[in-house]
Amino acid sequence: MVLSPVIGKLLHKRVVLASASPRRREILSQAGLRFEVVPSRFKEKLDKAAFPTPYAYAIETAKQKALEVASRMHQKDLRAPDVVIGADTIVTIGGLILEKPADKQDAYRMLSRLNGKEHSVFTGVAIIHCCSEDGQLDMDVCEFHEETMVKFSELSEDLLWEYIDSGEPMDKAGGYGIQALGGMLVECVRGDFLNVVGFPLNHFCKKLVELYCPPRREDVQRVKHESIPAVDTFEIASDAAQGDEGCGPSRAGVDGHSGQAPAGPQGPDTNGLVENPPPFPSDLLDLIDGFKASKALFTACKLKVFDVLKEEGPLKAVDVARKINASVCGTGRLLDVCVALGLLEKTDTGYGNTRLASRHLASEGACSLHGFVAYHDEHAWTVFTDLESAVRQGPQAAAGRPEEDPSQSRDRRLRFMRAMHGLTQLTARQVATAFDLSRFTSACDLGGCTGALARELAREYPRLKVTVFDLPEVIEHVSSFHPEGWQPERLHFVPGDFFKDDLPDAQLYVLSRILHDWADDRVHELLSRVSRSCKPGTFTGPRRMMLNDDLGPVAPPQRVVT
Ligand SMILES: Cc1cn([C@@H]2O[C@H](COP(=O)(O)OP(=O)(O)OP(=O)(O)O)[C@@H](O)[C@H]2O)c(=O)[nH]c1=O
């Protein structure tokens, strides 16, 4: 049986599942979908470190799998299917992405990491709508992801090996199959079970509704409670299906996603209202409204809401208000916004932090991004307020501002250092292990700030001596970021200006989050200086880590591929 308001939307289309996974095939055929299976030849080798989040990686892999199949099929007989579905499932724990194990030892390493702990399973999905005209292939991509938390019991070595010897782990992300023997390893699951198995059917159906049945104005009016999103339910689709016209032609839905105008007739009706309105531009509205979400997060951080709730939560709004010395009504509203943003949870006992907030938004802790948030609130926010004049007058306008007084610039530097320290603590391990640097015995981290990356490099490579080279006024404050008496082995700090002073000798130069701060000519100058310091065999990297981390006022992030 097919639930026609959802899966039924695909019944008259040629649908291809770009996946070799027997589980995905089973989930979708049991839902009543009719499709062909064309496994993708896309090699799952994207650079994980280049993605801001694990799910961004899974989505991109899913998309590439589907795009490969769509273009291969189009090339073959110049007729692509109507819809191609790609998916990618990954397991993540402690910042690591686990895919299918390479061999039994690899499976053992994965399962030991998961043993006794909770991890996330993400499936990225891409739904590609194809349209071939005059031999040209046009594709519209709709993508999403789903996260499920899975907790493993404490498992004995014997059990792990017996499970590995069963052969089940080998074609499964994270080295287990929750739907079969692997179910015995699992203590509990939070979220969509099928998402773990390989395909988030529920979210997929909601996407179909969103794509094919944007709600009509009448439907929206019928929804009584404004907090129920109109397109988020299957029921809306059923209602619309009965009235029929509400479910517009497929391209309209798809175009709605891509932001183009739908193909159908439009134009104002006699009352000046649009008769057949285009799909609601929710992505655009998110962009327009986005700054409010950022500011709410900044404000809650500044008022230490997450610290209070980490220590004493759950608390009622009135108690939080008292502790942060703010109005009850304002605090209540801020807390509700944080709930809507997924930063807090609200229960009968009051407001509490989500794990994300406790880990990253409270001011203390190894993974705290509190300093990074504060920097954005106090510095980036102001700079972006001036964006228009920077665009009109050029970046020199920002550079030409009056000098601030030294104590202010000292405070600003400290805030910047705190921001970079927090962020680098989170990324350092991945940066240090993204390349095999074991052949080097000396490295210099240019602009290495508090030494958070250098420390990780020294820890990872026991033969490596690391020099942190940064401005004297930065080096002066380094000790305040480390425990008292901190004397790391094989790590030292050298004050200097990398545009003026000789660079310390090293076999390996690291430029992490540096180049994006400068205009092209300065970047060229800096790289030339590094190049002149390099002896044959010297290596400069990792520069990919600069993606998406622009803290500078105007310069766009540089995408330099090593
Ligand atoms: C955690 C878990 C994963 N899986 C399977 O793991 C593969 C992930 O790999 P993928 O790269 O996403 O897919 P694939 O199998 O290589 O297929 P393809 O789509 O062609 O890349 C998929 O099979 C999933 O079902 C299970 O069957 N049960 C579980 O509990």
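Whatever comes next refers back to the structure up there.
Residues numbered from 1 in each chain as written. Predicted model: local features only at pLDDT ≥ 70, side-chain atom pairs only at ≥ 80, totals over all residues. Heavy atoms only, no water.

Turning our eyes to something else, we now look at the packing of helix H10 (residues 282-302) against helix H13 (residues 328-340). Close contact between H10 and H13 brings their axes to 10 Å; oriented N to C, the two are set at 120°. When the axis of H10 is compared with that of H13, the two are oblique. As for how H10 packs across H13, the hand of that crossing is left-handed. Two secondary-structure elements touch here, H10 through Ala296, Thr299 and Ala300 and H13 through Leu334, Val337 and Cys338. (Axes fitted to C-alpha atoms, helices over the stretch in contact; angles between N-to-C directions. Helix = DSSP H or I, 4+ residues; strand = E, 2+ residues; numbered from the N terminus. Parallel < 35°, antiparallel > 145°, perpendicular 65-115°, else oblique. Left-handed = near helix turned anticlockwise from the far one by under 90°. Contact = heavy atoms within 4.5 Å.)

Note that Lys151 resides in strand S6 (residues 136-152). Of the residues examined, Lys151 reaches a relative accessible area of 25% and is grouped as partly exposed. Note: C-alpha distance between Lys151 and Val189 (38 residues apart in sequence) is 6.4 Å. Sequence-distant contacts of Lys151, that is, excluding residues within four places in its chain, are made with Gly116, Lys117, Glu118, Leu185, Val186, Glu187 and Cys188. (Buried < 20%, exposed > 50% of the residue type's maximum accessible area, 1.4 Å probe, protein only.)

Enumeration according to the criterion identifies nine aromatic pairs in this entry. Ring centres 4.9 Å apart and planes at 75° place the aromatic pair Phe152 and Tyr176 in the edge-to-face group. Of this pair, Phe152 sits in strand S6 while Tyr176 sits in the loop between helix H4 (157-165) and strand S7 (186-190), placing them 24 residues apart in sequence. This pair shows no difference in class: Phe152 is buried, exactly as Tyr176 is. Between Phe199 and Phe204, the aromatic rings sit 5.1 Å apart at their centres with planes inclined by 70°, giving edge-to-face as the arrangement. Classification of Phe199 as buried rests on a relative accessible area of 0%. Phe204 sits in the buried class, given a relative accessible area of 0%. When the ring centre of Trp381 is taken as reference, the NZ or CZ atom of Lys295 above it lies at 4.7 Å. (Phe/Tyr/Trp six-rings, centres within 6.5 Å; stacked < 30°, edge-to-face > 60°. Lys NZ or Arg CZ within 6 Å of the ring centre and 35° of its normal.)

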